[in-house]
Amino acid sequence: MPELWNLLKPEVQESRKTYQALIEEEMLNLSNNRYWEEYNRAPDEGYPEQGLLDSCVVHLTPFYQEWIDLISKNRKTPEWAYPLFAVGAGKMADITIRCLMLEWFNSAMWDRKMDGKDGDLHSVPLPSAQHMAHQISNMVIDIVAYQSAKENFKQDWLKQSHYQKNWTVKRCKAFALKMNCINKKQFTRKQREDFGHHMLRIAEMSNIVSIKNYRKRINNRWYERVVVSFTDDILMELNNKHNDLVSRASLLYRPMIVPPVPHAVDSSGGNLMPWIRKSVVQKFKDVYWDETVTQKNSTPSEIVVRGLNSLMNTEWTVNYKVYEVMNCLFHNNTREANLPAYNFDAFDFGESYPEQGTKEEKAKWCQRKEETWSSWYKEERSRGRMLVRLKLAQDLMKWGFFYHIYTCDFRGRAYTACDLLSPQSSDFDRSLIMFAKPVKQTEQGLYWLKIHLANLFDQDKEPFDVRIKWVEDNLNNIKDTARDPFEMRWFWISDKKKKNPSFQRLAAIFELCRTDGLTQLPIQMDGSCNGVQHWAAIMRDIDLSHKVNLQHSKDPQDLYGFVADSMTNSMKEDIKNDFTDPNTRGWAELFLNHWDNKIPRSVCKRAVMTDPYGVTFYGIRRYCKSEGHLDWVGKDRIAGAVMELATYIDKCLKNTLTNANKGKVWLKQVADIASNMGKNLEWTTPCGFKVVHQYYEILTRRSVAKLFNMKELNFGSIDSSQIDDDQVNLAVSPNYIHSLDAAHMWLTMNRMINSGITNFSFVHDSYGCAAPYVSMMRQYTKEEFYEMHKEPLLNKLKEELQLLLGVELPAIPECGNFEVSSVLEADYFFH
């Protein structure tokens, strides 16, 4: 049970519970507003509306196709009918229904119904048939014009596509206009009205759309118009779905000031209000809007539920010293330590448009403007997030301590419901929090605190005694920083753009310089490329187990550095080899010159880290670009640089992880067998968590832009029994390894709970507790890993899956001779 909570007087507890209830009411109101703001942006993209669109298209397509066939048989085709032939029956059905949604639906309409005003959705003014006819015909003409421009001016379209990321509706119309393909004068007003009215009449043949005369008496005179609406049954169904979604689709969670309601194996805990609680196990994909998909949830074990409740009972508090420094640097607009700008400036792109320039110059101008806007937008989002983070920290400080809600994903991994001020979030959030209850510091705890501090200063590849020496050598700087962190910014602020550890460094410095003999800072011990550690143990790979610190070693081994060195050697060989492609030799020389004849470990780190989870060559290319390793290459050559660098990484990875790859191939074979049988894979992890590995072909939301850009669309709901073979194949390896690292975490935590430890900062493969307990945690980590892997896990998995599928599965790949018990003596297994 939470310790500080139990020390509060009953009346104080009740006061906090009352305020927590108010907080949750506010969360609901904010989520409600957020939901309707997003809905008003594009009513046709709402989850209920997308479901309705798919149903309507399936239902109406035969009616439109019948009309197309009928007109085709006539000796003379009406001129207004040609756009219908161009878009086809399915897309025409989508356009008709979508235009009605865009014209009529908004948040006020559903609010009116939910508030009980008039009790009638039709109290909202209905669009006239004449107006809707124009809307439908205009959208069809715009789509046909863009498709024609794209087809007839393919080279221009390809050149423009090179400089812009996506084709919005506005851009599509602009391109068609630029190519002189939009000519609405080609169709007279009457022809457009005839076209639109016919499309509405076809839709009326179903039980979806209703067209009726509307009469109203004003000043002794009757006014009459024809209006269009959906039928009452359709409207009521949409209204009910919005009622279900509005309270949970966009819910903004925040930390709790009272202990969360405990989870149970068969019931969810968390928030005080039951209807806003997340389920204990989250589904693999958000499919609540697609009723054709049914899912069988994974099942947590008692060990997992016990661990979740312990995480939720961990009491956190705001680190006020770090808060003061972060708040000051941010509000003074220093932009240091990866802080966003505090001052807000509206987006402004000063470079004038090259009116007289070539098409390529104009396209490059558009690209530069878009990139500038993207950078500004990201900066503004970061700024907004920082404002919310600091305000939340300020609000929580007056309560003294707070809690986080945790749930599992379908593989057993734990996640906080709120990622602000969470131990799972960014450097800013992690540095701002610490355990609420201090514990007495010990000599051993002080040792691990120094290791933690050295790790944050990039000494984590050195032996422990070297890290301790680094701290001792820099002790004067550390003490000066604790006294005046602003004056000593040169010492603790990092210039890293991603995963900047600056404020975590500062938090560790403050903790090391405490004089009260207490400690509250979580000390993290990270697995050494944990996914590969599991594969090395599974496949009993002696060489790989050494590289990932599963064996005793005087110095910590570095798999990332090993792969980087392999890349360096491979590039040097390619330069020497006369038979190597000259283009490849050129890139190898360029890479080695830029990195001083030694590829940095950071270049391949992301790819190596994700390889045990089944990273693809496309993923490696994406990491090479997104991680910024090739920002020094000109934009005109970046594509070639990414391809060549990714090729080197991929080759060296395959050479290093040969046996692990055999295990992944076997898992994929089994996944394909199950998919061909129409069955999902299920397995039980060593902690008792039942994983249900299921991927169905799920509909994605379809926007107006897709109607412009896709010549043909696949309409209609997908059969819920249709397994997505490709996704099952790609995901089985990462999901299996993730389920194992989750099991390892829960088993380790269970041992710690049994030993009386109550506060945890566990994040997948990074385990954290108060400094005096780190030695115990490290020992439990090694022992539980050994217990997991002492019996071959793939043999167990094969037996379980054979019973599930009822077939004989392929033989398991041959394993090596590594003794898993060696991990018990591995000093750098988690470090």
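Note that this is a predicted model, so its numbers are computed, not measured. The numbering scheme is per chain: residues are counted from 1 as the chain's sequence reads. Owing to the predicted nature of the model, reporting of local features is limited to residues with pLDDT of at least 70; listing and counting of side-chain atom pairs is limited to 80 or more, with chain, interface and lining totals taken over all residues. Calculated side-chain values reflect all of the structure's heavy atoms, with hydrogen atoms and water omitted.

**Regarding the overall build of the protein chain**
Here is the rule we go by: A run of H or I in DSSP counts as a helix once it spans at least four residues, and a run of E counts as a strand once it spans at least two, with each numbered from the N terminus. Computation of the radius of gyration draws on C-alpha atoms alone. For the globule rule, the value is 2.2 Å times the number of residues to the power 0.38. For every residue, the accessible area obtained with a 1.4 Å probe (protein chains only) is divided by the maximum for its type, and the residue is called buried under 20%, exposed over 50%, and partly exposed between those limits. By definition, residues are in contact when any of their heavy atoms lie within 4.5 Å.
A count of helical and extended segments in the protein chain gives 32 helices and twelve strands. Here the C-alpha radius of gyration of the protein chain, 31 Å, is about what a compact globule of 831 residues would show, namely 28 Å. Taken along the three principal axes of its C-alpha coordinates, the protein chain extends 95 × 85 × 65 Å. By the burial criterion, 52% of the 831 residues in the protein chain qualify as buried. Within the protein chain, counting contacts between residues at least 6 apart in sequence, those at least 24 apart form 75% of the total.

**Some details on the pairing of strand β9 (residues 522-526)**
Every other side chain in a regular strand lies on the same face of the sheet, so the side chains alternate between the two faces. Heads up, the rule is: Paired strands are those between which DSSP finds at least two bridges.
When you tally the buried positions in β9, you get four out of five residues, the bulk of the element. The pairing of β9 with strand β12 (residues 766-770) spans five bridges and is antiparallel. By the bridge assignment for β12, M525 is matched with Y767.

**Describing the nonpolar core**
Rules: Nonpolar cores are built from buried Ala, Val, Leu, Ile, Met, Phe, Trp, Tyr and Cys residues. Side-chain atoms within 4.5 Å join them into one set.
Among the nonpolar cores identified, the biggest contains 172 residues, and F503 and W746 are the most heavily contacted of them. Here this core gets 14 residues from one element, more than from any other, and that element is helix α30 (residues 725-754). The residues contacting W746, other than those within four sequence positions of it, are I303, V304, G307, L308, L311, C408, G412, A414 and C687.

**Notes on the packing of aromatic side chains**
Aromatic ring pairs are described here by two measures, namely the spacing of the ring centres and the angle between the planes. Our working definition: Ring pairs are drawn from Phe, Tyr and Trp, using the six-membered ring of Trp, whenever the two centres fall within 6.5 Å, and their geometry is named by plane angle: stacked under 30 degrees, edge-to-face over 60, tilted for the rest. Lysine and arginine charges are scored as sitting over a ring when NZ or CZ, respectively, is within 6 Å of the ring centre and within 35 degrees of the ring normal.
For the structure on display, the rule yields 35 aromatic pairs. Ring centres 6.4 Å apart and planes at 75° place the aromatic pair Y146 and F175 in the edge-to-face group. Linking Y146 in helix α7 (residues 129-152) with F175 in helix α9 (residues 169-178), this pair joins segments that are 29 residues apart in sequence. Taking relative accessible area as the criterion, Y146 reaches 0% and is therefore assigned buried. In this structure F175 comes out as buried when scored by relative accessible area, which is 1%. Seen from their ring centres, W490 and F491 are 5.7 Å apart, and the 70° between their planes marks the pair as edge-to-face. Relative accessible area serves as the criterion here: at 59%, W490 is assigned to the exposed category. A relative accessible area of 9% means that F491 is categorised as buried. Among the aromatic residues, those joined into a cluster by ring pairs are F760, F762, Y767, F785, F829 and F830. The ring of F457 carries R505 above its face, with NZ or CZ at 4.3 Å from the centroid. Over the face of the ring belonging to F562 we find K547, whose NZ or CZ atom lies 4.2 Å from the ring centre.

The quantities given are spatial measurements derived from coordinates; they are silent on function.
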